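Here is what each chain is made of, one letter per residue.
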Amino acid sequence: MKIHTISAQIPQIRYQRCSECDTLFTLPALQRTQTAHCPRCNAKVEKGRVCSLPRLITMAISILLLMPFAYTEPLISIRLLGTRIDASLLEGIWQMSQQGDPVTASMVAFCTIGAPLTLAVSILYLHFGSKLGMNLKPVLLMLDRLKDWVMLDIYLVGMAVASIKVKEYADINVGIALAAYLMMTLMVTLTMINLNIEQLWEEFYPQRQPKGLPSSLRLCLACKFTGIPDERGRCPRCHVPMRLRYKHSLQKTWAALIAAIVFLIPANLMPISIIYANGQQLKDTIFSGVVSLATSGNVPIAAIVFIASVLVPFTKVLVMLTLLLSIHFKAIQGLKTRIRLFRLVHWIGRWSMLDLFVISLMMSLVNRDQLLSFTMGPAAFYFGAAVILTVLAVEWLDSRLIWDAHATGNAEYTD
């Protein structure tokens, strides 16, 4: 038998640890449309090349060009008492700051303006910073955590809810900025879908496959690189200390969750919005607002508000309590259910900001002195703080601690 010389380069084996269960496995080269999942817990580990940096830059520039129109021009307008009133995103935040609470207004501003703006500017920074030799590592680390805080799509739903509420008092018209806002939301969504952080790390900071036993490889909790720490115990790619688990994960998660529970009590008992109509004061809590929407015939909108503002926050609290207790008591049953619940609360948590977005729009639309006005109730701050704390609680919980109860390594991803 004649043996021919192998001319093609033999691909190196690439090892990767799962960020959710810490399983070590070999990761093959991925095609553009392929996605790699952990063989143990089925978590998404990596996706193929989705979008090149020049295309991301084009989308980032489009977002920046659309922002002035989408934020400053009217999104919706009403005719109230013979006067036309326009509502823009910036005007709503300004009214919240002036008439309500600047801290609550800053929550809305960060999720609707700060996070999308940071996303677009960061992509441009990667392009120009690489040409100028600047440090790109902090920006890459930030981009991986920024996605959960971009909430333009939720604000769009809040716009629909506010329109339904205002419809009882005035006629509603579409503003000239709505098209720009829709286009900007679409571009931001496409940017987040096509943003491959691992691809950018490989482009700017490529790393050689580390030598040594595969079992000695660690996962960097910051940039998700699997390798061996340097002489200072840092990740060779992002220079963040490489630890086996997130530092003080349980303590920080418990602190955020307990604080969220405390804030949820006044958030649901105190009025979240106050309407003055014809000299009468009408106060609404979160639940009474849902009932008011349902009794006025807007059952689908009432269902959306109930799910986002009542069901989701309490579900997150119950799920997080269950997960934390299962970690403390080293539970070995229902592993698959617990992992799925953890992923669920990570995905749905951001939708609880819906009520604050509705309040922001209402305050810019309905404000006609003593005849008819809308102000923010004291519950708004507590509710916004509780939402942010529950999001942080999920972020700070190291899901690998759920698997640590199965110290023998024989855990199956089944119930």
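No experiment lies behind these values; they were computed from the predicted model shown.

1. Description of the overall build of the protein
Okay, so step 1: Helix and strand counts for the protein stand at 14 helices and 13 strands.
Okay, so step 2: When the 415 residues of the protein are sorted by exposure, 48% land in the buried category.
Okay, so step 3: Contacts spanning at least 24 positions in sequence make up 71% of the contacts within the protein whose residues lie at least 6 apart.
Okay, so step 4: When the accessible surface of the protein is totalled, it reaches about 20500 Å², and 62% of it is carbon and sulfur.

2. Examining the nonpolar core
Okay, so step 1: In terms of nonpolar packing, the biggest core is built from 96 residues, with Tyr181, Met184 and Ile359 touching the most fellow members.
Okay, so step 2: Top element by residues in this core is helix H3 (residues 102-132). It accounts for 11 residues.
Okay, so step 3: Leave out the neighbours within four places in its chain, and isoleucine 359 touches Met96, Ile272, Phe374, Met376 and Ala380.
Okay, so step 4: Counting residues in hydrophobic clusters, the runner-up holds 31 residues, among them Ala256, Leu264, Leu335 and Phe342.

3. So, the UniProt feature "transmembrane region" (unreviewed entry) in the protein
Okay, so step 1: UniProt tags residues 53-71, 105-128, 149-166, 172-195, 253-279, 299-327, 348-367 and 379-397 as "transmembrane region" (unreviewed entry).
Okay, so step 2: In residues 105-128, the share of helix is 100% and the share of strand is 0%. The end C-alpha atoms are 33 Å apart.

4. Things to note about the packing of aromatic side chains
Okay, so step 1: This structure, assessed with the given rule, holds 7 aromatic pairs.
Okay, so step 2: Here tryptophan 201 and tyrosine 205 contribute two aromatic rings whose centre-to-centre distance is 5.8 Å and whose plane-to-plane angle is 50°, an arrangement assigned as tilted. For the pair shown, tryptophan 201 and tyrosine 205 are each scored as buried.
Okay, so step 3: Summarising the aromatic geometry, the rings of phenylalanine 381 and tyrosine 382 are spaced 5.5 Å apart at their centres and angled 65° between planes, so their arrangement reads as edge-to-face.
Okay, so step 4: Residue tyrosine 382 is classed as partly exposed on the basis of its relative accessible area, which comes to 27%.
Okay, so step 5: What links up through ring pairs into an aromatic cluster is the set Tyr155, Tyr181 and Phe357.
Okay, so step 6: Sitting above the plane of the tyrosine 205 ring, lysine 137 keeps its charged end 5.0 Å from the centroid.
Okay, so step 7: It is arginine 400 that lies over the ring of tyrosine 246; its NZ or CZ is 5.9 Å from the centre.

5. Some words on empty space enclosed by the protein
Okay, so step 1: This model, assessed by the stated rule, comprises 1 cavity of 30 Å³ or more.
Okay, so step 2: Reported here for the largest cavity is a volume of approximately 70 Å³.
Okay, so step 3: As for the largest cavity, its lining consists of Asp148, Lys316, Val345, His346, Gly349, Arg350, Val391, Val394 and Glu395.
Okay, so step 4: Of the residues contributing to the lining of the largest cavity, the split by class is 3 nonpolar, 2 polar and 4 charged.

6. Side note on the pattern of salt bridges
Okay, so step 1: Across all of its chains, the model carries 10 salt bridges by this definition.
Okay, so step 2: Across the salt bridge formed by arginine 343 and glutamate 20, the nearest N and O atoms sit 2.9 Å from each other. Separated by 323 residues along the polypeptide, arginine 343 in helix H11 (residues 335-348) and glutamate 20 in the loop between strand S1 (15-17) and strand S2 (24-26) bring together distant segments of the chain.
Okay, so step 3: The closest approach of N and O atoms between aspartate 153 and arginine 350, which form a salt bridge, is 3.2 Å. With aspartate 153 in helix H5 (residues 152-166) and arginine 350 in the loop between H11 and helix H12 (354-365), this residue pair connects regions lying 197 residues apart in the sequence.
Okay, so step 4: Of the residues examined, aspartate 153 reaches a relative accessible area of 27% and is grouped as partly exposed.
Okay, so step 5: Overall, arginine 350 belongs to the buried group, its relative accessible area being 14%.
Okay, so step 6: A network of salt bridges, in which partner residues are shared, links Arg17, Asp22, Arg245, Asp398 and Arg400.

Conventions we followed
- Residues numbered from 1 in each chain as written.
- Predicted model: local features only at pLDDT ≥ 70, side-chain atom pairs only at ≥ 80, totals over all residues.
- Heavy atoms only, no water.
- Helix = DSSP H or I, 4+ residues; strand = E, 2+ residues; numbered from the N terminus.
- Buried < 20%, exposed > 50% of the residue type's maximum accessible area, 1.4 Å probe, protein only.
- Contact = heavy atoms within 4.5 Å.
- Areas by Shrake-Rupley, 256 points an atom, 1.4 Å probe, with all protein chains shown as cover.
- Core = buried A, V, L, I, M, F, W, Y, C linked by side-chain atoms within 4.5 Å.
- UniProt positions renumbered as here; feature names shortened; annotations may be inferred.
- Phe/Tyr/Trp six-rings, centres within 6.5 Å; stacked < 30°, edge-to-face > 60°.
- Lys NZ or Arg CZ within 6 Å of the ring centre and 35° of its normal.
- 1 Å grid on protein atoms, 1.4 Å probe; cavity = no way out; pocket = protein on both sides within 12 Å on 5 of 7 lines; lining within 4 Å.
- Points joined across faces, edges and corners; volume = space filled by probe spheres on them.
- Nonpolar A, V, L, I, M, F, W, Y, C, P; charged D, E, K, R; others polar.
- Salt bridge = Lys/Arg side-chain N within 4 Å of Asp/Glu carboxyl O.

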